[in-house]
Amino acid sequence: MNKVIREAATILPLNQILDGDCIDLMNGLPAESVDLIFADPPYNLQLKGDLHRPDNSRVDAVDDHWDQFASFQVYDDFSREWLKAARRLLKPNGAIWVIGSYHNVFRLGAALQDAGFWILNDVVWRKSNPMPNFRGKRLTNAHETLIWAAKSEDSKYTFNYEALKALNEGIQMRSDWVLPICTGHERLKDDNGDKAHPTQKPESLLHRILIGTTNAGDVVLDPFFGTGTTGAVAKKLGREYIGIEREAAYREVAEKRLKSVRKFDRSSLEVTTSKRAEPRVPFGQLVERGMLSPGEELLSMNGRYRAKVRADGTLIGNDVKGSIHQVGAALEGAPSCNGWTYWCYKRDGKRVPIDLLRQQIRAEMVERPN
């Protein structure tokens with residue numbers, strides 16, 4: 001491979017829609033270059049004849065050529081090929097989301113495991129406004145299934161637990177998501193006023209996925225880009241995207257859609273993070289930097305106890321010596337104590353929690369995304 005070709009192979013086509021076969025194009029991108037893949041592959045629907053409503057009007061079901069496969073074997077071979085290409089692209093700590101219906105999701109689950117992915121969760125997207133079963137011969141199909149998998153069992157995948165909890169009014173996010181299907185103003189139409197895509201996914205679904213399992217600046221690949229829902233949400237949330245779509249009509253709609261999307265401002269993109277994910281700041285660093293001085297007095301937030309700061313970053317109070325946590329616990333007669341929230345100091349006659357000084361140092365340590 002000559003130098004020009006080698007250099008071209010290392011450049012990611014960020015925020016672009018690539019025209020062509022997803023397997024060929026993924027195999028042409030640099031390995032281990034993508035943080036997350038969201039895939040909405042053909043469902044291989046086994047539809048038999050037209051579907052009609054009770055008034056005999058025809059239902060606009062998925063009968064496009066891209067969803068037609070000669071056999072289950074052909075579909076399985078296709079699935080294994082694109083999943084192999086996808087896994088090659090993921091960074092060691094990358095992950096993938098795959099969505100499907102009862103027609104294909106079980107086959108995809110097996111293919112994911114066979115390819116070496118490590119399944120983390122299956123999520124039931126329960127549609128709050130599903131299409132009825134007009135024939136009355138089966139249950140109303142009111143959900144689709146998403147599979148979330150890490151590249152390998154050892155991957156340190158991204159999971160913004162606290163952000164998803166905040167999205168869910170402070171309650172741990174469950175694996176059943178009640179969200180509406182794409183309707184109304186969000187449903188894209190072609191020049192004839194018809195649906196631009198039969199299975200357009202709602203932005204709410206991708207918003208939850210990208211907030212929960214990516215960070216600002218991450219690269220998100222969608223090998224079945226369709227009308228660009230993944231790209232639209234990624235752009236709003238400050239993620240980079242790569243779309244692959246072989247159907248010209250879908251690409252045209254997606255490109256028009258993406259031109260009108262604007263990225264949220266930087267402060268709006270920050271999400272709630274776990275305390276464990278924040279940089280560790282030793283209390284002694286506050287002393288070293290002169291933010292607190294040896295001999296300075298700290299007060300407990302409840303006003304009951306006092307302790308003095310020592311030069312090595314420990315405290316002494318009532319003949320008890322130790323860390324901010326140990327001294328607080330001993331004074332309170334408690335098994336443990338979070339010293340950062342227990343102690344404060346006085347400035348200009350006002351009590352100031354020492355945790356504000358820790359947050360000041362953390363703000364200097366954390367590199368903000370552009």
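Numbers given for residues are sequential positions, taken from 1 along each chain in its written order. Local features in a predicted model are, by the rule used here, given only for residues with pLDDT of at least 70; side-chain atom pairs are given and counted only at 80 or more, and totals for whole chains, interfaces and linings are based on all residues. Remark: hydrogens and water are excluded; side-chain values derive from all non-hydrogen atoms of the structure.

An unreviewed UniProt entry annotates the protein chain as Methyltransferase originating from Brevirhabdus pacifica. UniProt positions are given in the numbering used here, feature names are shortened, and annotations may be inferred rather than shown by experiment. One UniProt comment on the protein chain, placed under Sequence similarities (unreviewed entry), says "Belongs to the N(4)/N(6)-methyltransferase family." The Catalytic activity (unreviewed entry) comment attached to the protein chain in UniProt states, word for word, "a 2'-deoxyadenosine in DNA + S-adenosyl-L-methionine = an N(6)-methyl-2'-deoxyadenosine in DNA + S-adenosyl-L-homocysteine + H(+)".

**A short note on the packing of aromatic side chains**
Here a Phe, Tyr or Trp ring, Trp counted by its six-membered ring, pairs with any other such ring whose centre lies within 6.5 Å, and the pair is stacked when the planes are under 30 degrees apart, edge-to-face when over 60, and tilted otherwise. Applying the stated criterion across every chain yields a total of ten aromatic pairs. Centroid distance Y342 to W343: 4.8 Å. Interplanar angle 90 degrees. Geometry classified as edge-to-face. What makes W343 buried here is its relative accessible area of 0%. A ring has a charge above it when a Lys NZ or an Arg CZ is no more than 6 Å from the ring centre and no more than 35 degrees off the ring normal. For the cation-ring pair, R87 lies above F117, with the distance from its terminal atom to the ring centre recorded as 5.8 Å. To sort residues, take the accessible area from a 1.4 Å probe on protein chains only and compare it with the maximum for the residue type: under 20% means buried, over 50% means exposed, and anything in between is partly exposed.

**Brief notes about the nonpolar core**
Here the nonpolar core consists of buried residues drawn from Ala, Val, Leu, Ile, Met, Phe, Trp, Tyr and Cys, with membership extended through side-chain atoms lying within 4.5 Å. Counting 35 residues, the largest nonpolar core has W97, L146, W177, L205, I209 and L210 as the members making the most contacts within it. With five residues, helix α6 (residues 203-213) is the largest single contributor of residues to this core. In this structure L146 touches F38, W97, V98, I99, N121, D122, V123, W125, L205 and I209, once residues within four positions along its chain are discounted. Formed by 30 residues, the second largest nonpolar core is a distinct cluster that contains W82, A85, V98 and F224. The way it works is that DSSP assigns letters per residue, a run of H or I at least four long becomes a helix, a run of E at least two long becomes a strand, and they are numbered from the N terminus. We call two residues in contact when some of their heavy atoms are within 4.5 Å.

**Concerning the sheet that holds strand β7 (residues 219-222)**
Spatially, eight strands are ordered β1-β8-β7-β2-β3-β5-β4-β6 in an open sheet, and the strand pairing comes out mixed. With partners counted over all chains shown, the strands left at the sheet margins are β1 (16-18) and β6 (176-179), one partner each. Strand after strand, the sheet turns through a mean of 20 degrees between neighbouring axes, direction not considered. Strands are treated as partners if at least two bridges between them are detected by DSSP. Both β1 and strand β8 (residues 240-244) contribute to a ladder of three bridges, which runs parallel. Across the sheet, residue Q16 finds its bridge partner in β8, namely I242. Where α6 meets the sheet, its contacts fall on β2 (34-39), β3 (90-100), β4 (118-127), β5 (143-150), β6 and β7, and the angle it forms with β6 comes to roughly 140 degrees. Whenever a helix is involved, its axis is fitted only over the stretch in contact; in every case the axis is a line through C-alpha atoms, and angles between N-to-C directions fall within 0 to 180 degrees.

**Re the environment of L18**
Mapping L18 onto the fold places it in strand β1. Along the backbone, L18 and P223 are 205 residues apart, and their C-alpha atoms lie at a distance of 9.2 Å.

**Description of the environment of Q359**
Looking at the secondary structure, you find Q359 in helix α13 (residues 355-365). Using a relative accessible area of 27% as the deciding quantity, one classes Q359 as partly exposed. In the structure, Q359 is positioned 78 residues away from V281 in sequence and 8.9 Å away in space, judged by C-alpha atoms.

**Here we look at the sheet that holds strand β14 (residues 350-353)**
Spatially, six strands are ordered β12-β11-β10-β9-β13-β14 in an open sheet, and the strand pairing comes out antiparallel. Looking at which strands have only one partner, the edges of the open sheet turn out to be β12 (320-322) and β14. Looking at each pair of strands side by side, their axes are set apart by 35 degrees on average, direction ignored. Bridge count for strand β11 (residues 315-317) against β12 is three bridges, and the pairing is antiparallel. Looking at β12, one finds that L315 is bridged to G322. Against the sheet, helix α11 (residues 324-332) engages β10 (306-309), β11, β12 and β13 (343-347), with an angle of about 155 degrees to β12.

**Some details on the pairing of β3**
With eight of eleven residues buried, β3 lies mostly within the body of the structure. Across five bridges, β2 lies against β3 in parallel orientation. From the neighbouring strand, I37 faces β3, where its bridge partner is I96. As judged from the six bridges shared by β3 and β5, these two strands associate in the antiparallel manner. Following the sheet pairing, G100 is matched in β5 by T145.

**Some thoughts on the packing of helix α3 (residues 72-89) against helix α4 (residues 105-114)**
Closest axis-to-axis distance for the α3/α4 pair is 10 Å, and the angle between their directions is 40 degrees. In terms of orientation, α3 lies oblique with respect to α4. You can see that α3 and α4 cross each other, and the crossing is right-handed. Residue-level contacts link F72, Y75, D76, S79, R80, W82 and L83 of α3 to R107, L108, A111, L112 and D114 of α4. Side-chain classes are defined by residue name, with Ala, Val, Leu, Ile, Met, Phe, Trp, Tyr, Cys and Pro counting as nonpolar, Asp, Glu, Lys and Arg as charged, and the others, Gly among them, as polar. Each residue belonging to the contact of α3 with α4 can be placed in one class, and the counts come to seven nonpolar, one polar and four charged. Working rule for angles: under 35 degrees goes down as roughly parallel, over 145 as roughly antiparallel, 65 to 115 as roughly perpendicular, anything else as oblique. Crossing handedness follows the turn of the near helix against the far one: under a right angle anticlockwise gives a left-handed crossing, and clockwise gives a right-handed one.

**Details of the environment of R251**
Inspection of the secondary structure assignment puts R251 in helix α8 (residues 248-259). Considered as a pair, R251 and I17 are 234 residues apart in the sequence and their alpha carbons are 7.2 Å apart. Those residues within four positions of R251 in sequence are excluded, and the remaining contacts are I17, L18, D19, G226, E245 and R246.

**Notes on the packing of α6 against helix α7 (residues 229-236)**
Two elements in contact, α6 and α7, have axes separated by 9 Å at closest approach and are oriented at 55 degrees. Between α6 and α7, the angle is such that the two are oblique. Here α6 and α7 pass one another in a crossing that is right-handed. Contacts from E203, L206, H207 and L210 of α6 reach α7 at T229, T230, A232, V233, A234 and K236. When the residues that make up the contact of α6 with α7 are grouped by side-chain class, the tally is five nonpolar, three polar and two charged.

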